[in-house]
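# Results of the structural survey
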Amino acid sequence: MPENNTLMLHCDVAVIGAGVAGCAAAQAAASAGAEVIVIEKLSGITAHGLDVAAIGSRLQREAGIEIDPLEAARLIYAWGQSRANYDLIRVFTDRSGAAMDGYLDLAEKYGLETRLNDDMTARADWDDLEPRFRQFRTAHNFFPKGGSAPTSDKTVARHFVGMLRDDAVAHGAQFMFGCRAAKIIKHGGSACGVLVACPSGPVEIAARMGIILAAGGITENERMLLKWCPEALRADKNEYFPRGGNSGDSIILGRMAGAAVSRSGAAAVIHPVNFTPLGPGIQTSWLMVSKLGRRFCCEMSWEPIITNARLNAPGNEAWAVWDSRYREHVLRQEPRRAALLVGIEEKMESAVASGDYLRSDTLEGLAALMGVPADELLGTVERYNGWCRSGEDRDFGVPARFLSSVEEGPFYASKVTAWLLNVCLGLHVDRDSRVLTPADKPIPKLFAIGNSQGDFFANSYPVTCPGANNGRSAVFGTLVGAALAKGKTISGSLA
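Here's a quick rundown of the structure. (Residues numbered from 1 in each chain as written. Predicted model: local features only at pLDDT ≥ 70, side-chain atom pairs only at ≥ 80, totals over all residues. Heavy atoms only, no water.)

### Let's talk about the overall build of the chain
In terms of regular secondary structure, the chain is built from 13 helices and 18 strands. Here the chain has a C-alpha radius of gyration of 24 Å; the compact-globule value for 495 residues is 23 Å, and the two agree. Its C-alpha atoms give the chain principal-axis dimensions of roughly 75 × 45 × 40 Å. Per-residue burial for the chain yields a buried fraction of 60% across its 495 residues. Considering only residue pairs separated by 6 or more positions, the chain has 73% of its internal contacts joining residues 24 or more positions apart. Accessible area for the chain stands at about 18900 Å²; split by element, carbon and sulfur atoms hold 50% of it. The average position of the 51 basic charges and that of the 55 acidic charges among the side chains of the chain differ by 6 Å. (Helix = DSSP H or I, 4+ residues; strand = E, 2+ residues; numbered from the N terminus. Rg over C-alpha atoms; globule rule 2.2 N^0.38 Å. Buried < 20%, exposed > 50% of the residue type's maximum accessible area, 1.4 Å probe, protein only. Contact = heavy atoms within 4.5 Å. Areas by Shrake-Rupley, 256 points an atom, 1.4 Å probe, with all protein chains shown as cover. Lys, Arg positive; Asp, Glu negative; His and termini not counted. Charge placed at Lys NZ, Arg CZ, Asp CG, Glu CD.)

Below, the structure is given as structure tokens:
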């Protein structure tokens, strides 16, 4: 029973967190007829990034894009080195297409345009590369009609989340902003309510059908990062926003309720974010060397490959190196992205003037500017150029198309950045996203989705399916919310 000064509220479904996952859950549950209350400690909804992934959507079918959900599931699972929950991944790959079609219908209702993003985050011609580099066109963007989805805007997904919130409210969902969930209330071992700290005083919310944890991950909790993902602390900067939103709340609430933390290793989303004209590490594949002047990684312009290696390089420092034939190299690497070269000479001059790029007529001079041993750099370039001439990189296996020799001056170098965007580590769950105890027993009526859901990613964040984190957050939000409204789980058993 609540104390005398505690306000008592009742609902069918309580959702903790108003990000992608929480808003999707609220929309699905409310539109299915459930009474929903969403608790969010910040002042509004939260959204990050550009893309929402799905496999088998209407947009993909209309574009003639066919993605094998089994292959996608295998590749995501392989990135986690068999430490993730394959059945959980399969729920997403099998059911995301239908969920996305529902979002596309909502977009028409709320005046949003949609498109497949195969311009930057999902390359249109990487789906035939060998499995470790394969990338599918799964990225969906939502933006206002008549507008655009600029790739420089890191909150394009806010339109998608705002749409979900608006539809949830239209179906009667109540959002409590500026209120913090303090404790999961259990009765007879089952989750039945949430104790909430609000500016006006404590509130106890009784949730008849279930509680959904969607309060984010651990990206801002330094103690949790040190314990579960220390590599995240070696990134150049923590780019998570808004501040204060991703501090491990769901893990704290879950553990207090008897839950286990994910058994999969944390998957840090650390990308070589680079807004310069040729974006080494994210847009282009150049020779990369450590501060010792030695090559140290497979230089595919694919975020985890580059940054995972850089974080382990000597001194946590690395450089990209290329030559004056950058136009030729770019067109060979990304023949469908000639737009990268529009006004490139002026942009290159600007990058040199700002210090973002170093330039020298000789490799010896470039080495001096970089602060690396000239003899080591020269030897590295000679060996790398040999692989470029033969078309077979026997050191790291970069496909011939992406090998870009360093032969004709002037020569360029740029620091390889590493920005922490997110850390995927949540609570231990089953394929229905039910929260589990250390003994693998479900805690009745308690679910975790989004970054609060563990066991989906492991060890490293894959970009096999661009937009996968937003995608799995939305899809599991929709599936869990819709199921709970009927008193069931995703697979149909009683919640």
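### Brief notes about the pairing of strand β18 (residues 442-448)
Where strand β9 (residues 201-213) and β18 come together, three bridges link them in parallel fashion. Directly across from Ile211, in β18, lies its bridge partner Leu446. The sheet contact formed by strand β17 (residues 434-436) and β18 spans two bridges and is antiparallel. For Leu436, the partnering residue across the bridge sits in β18 and is Pro442. (Pairing = 2+ DSSP bridges.)

### Points about the state of the cysteines
Under the criterion given, the structure shown has one disulfide. Between Cys179 and Cys198 runs a disulfide, and the two sulfur atoms are separated by 2.4 Å. When the S-S torsion is 120°, as for the bridge of Cys179 with Cys198, the disulfide is right-handed. Taken together, the residues Cys179 in the loop between β6 (174-177) and β7 (180-187) and Cys198 in strand β8 (residues 190-198) connect sequence positions 19 residues apart. Cys179 sits in the buried class, given a relative accessible area of 7%. Note on Cys198: relative accessible area 13%, which makes it buried. Looking at Cys298, it has no disulfide partner, and the nearest cysteine sulfur is the one in Cys297, 7.0 Å off. For Cys298, a relative accessible area of 7% corresponds to the buried category. Looking at the unpaired Cys388, the closest cysteine sulfur is the one in Cys298, lying at 13 Å. (Disulfide = S-S within 2.5 Å.)

### Quick look at the packing of aromatic side chains
If you walk through the whole model with that rule in mind, you get 14 aromatic pairs. Taking 5.9 Å as the distance between ring centres and 75° as the angle between the ring planes, the aromatic pair formed by Phe275 and Trp419 counts as edge-to-face. Of this pair, Phe275 sits in the loop between β11 (267-271) and β12 (287-290) while Trp419 sits in strand β16 (residues 419-424); the two residues are 144 residues apart in sequence, bridging distant segments of the chain. Measuring from ring centre to ring centre gives 6.0 Å for Tyr326 and Tyr412, while their planes differ by 80°; the resulting arrangement is edge-to-face. Here Tyr326, found in helix α9 (residues 326-333), pairs with Tyr412, found in strand β15 (residues 411-415); they are 86 residues apart in sequence, far enough to count as distant. With respect to burial, Tyr326 and Tyr412 carry one shared label: buried. It is Lys237 that lies over the ring of Trp419; its NZ or CZ is 4.2 Å from the centre. (Phe/Tyr/Trp six-rings, centres within 6.5 Å; stacked < 30°, edge-to-face > 60°. Lys NZ or Arg CZ within 6 Å of the ring centre and 35° of its normal.)

### Things to note about helix α12 (residues 374-390)
With 17 residues, α12 extends 25 Å from end C-alpha to end C-alpha; this agrees with the ideal 24 Å at 1.5 Å per step. When we look at burial in α12, the residues that qualify are Leu377, Thr380, Val381, Tyr384, Asn385, Trp387 and Cys388. Seen from one end, α12 has its buried residues packed into an arc of 155°, which puts them on one side. Exposed positions of α12 whose direction lies more than 90 degrees from the buried face are Asp375, Glu382, Arg389 and Ser390. Residues of α12 that are buried sit in contact with β12 and α11 (363-370). Once α12 finishes, Gly391 follows within two positions and takes phi at roughly 80°, a positive value. (Expected span 1.5 Å × (residues − 1). Arc of directions from axis to C-beta.)

### Here we look at the pairing of β11
Extensive coverage of β11 is indicated by the burial of five of its five residues. Side chains Ala267, Val269 and His271 of β11 all project onto a buried face; the interleaved residues Ala268 and Ile270 project onto the opposite face, where all are buried too. The pairing of β11 with β16 spans five bridges and is antiparallel. Among the inter-strand pairings, Val269 is bridged to a residue of β16, identified as Asn422.

### Observations concerning the sheet that holds β15
Reading across from one edge, β12-β13-β15-β14 is the order of the four strands in this open sheet, with antiparallel pairing throughout. The open sheet has two edge strands with one neighbour each: β12 and β14 (358-360). Pairs of neighbouring strands in the sheet enclose a mean axial angle of 25°, with direction left out of account. Note: β12 against strand β13 (residues 318-322), four bridges, orientation antiparallel. When the sheet's bridge partners are listed, Leu287 is paired in β13 with Val321. Contacts from α11 reach β12, β13, β14 and β15 within the one sheet, and its direction differs from that of β14 by about 150°. (Axes fitted to C-alpha atoms, helices over the stretch in contact; angles between N-to-C directions.)

Keep in mind that these numbers describe shape and distance, not what the molecule does.
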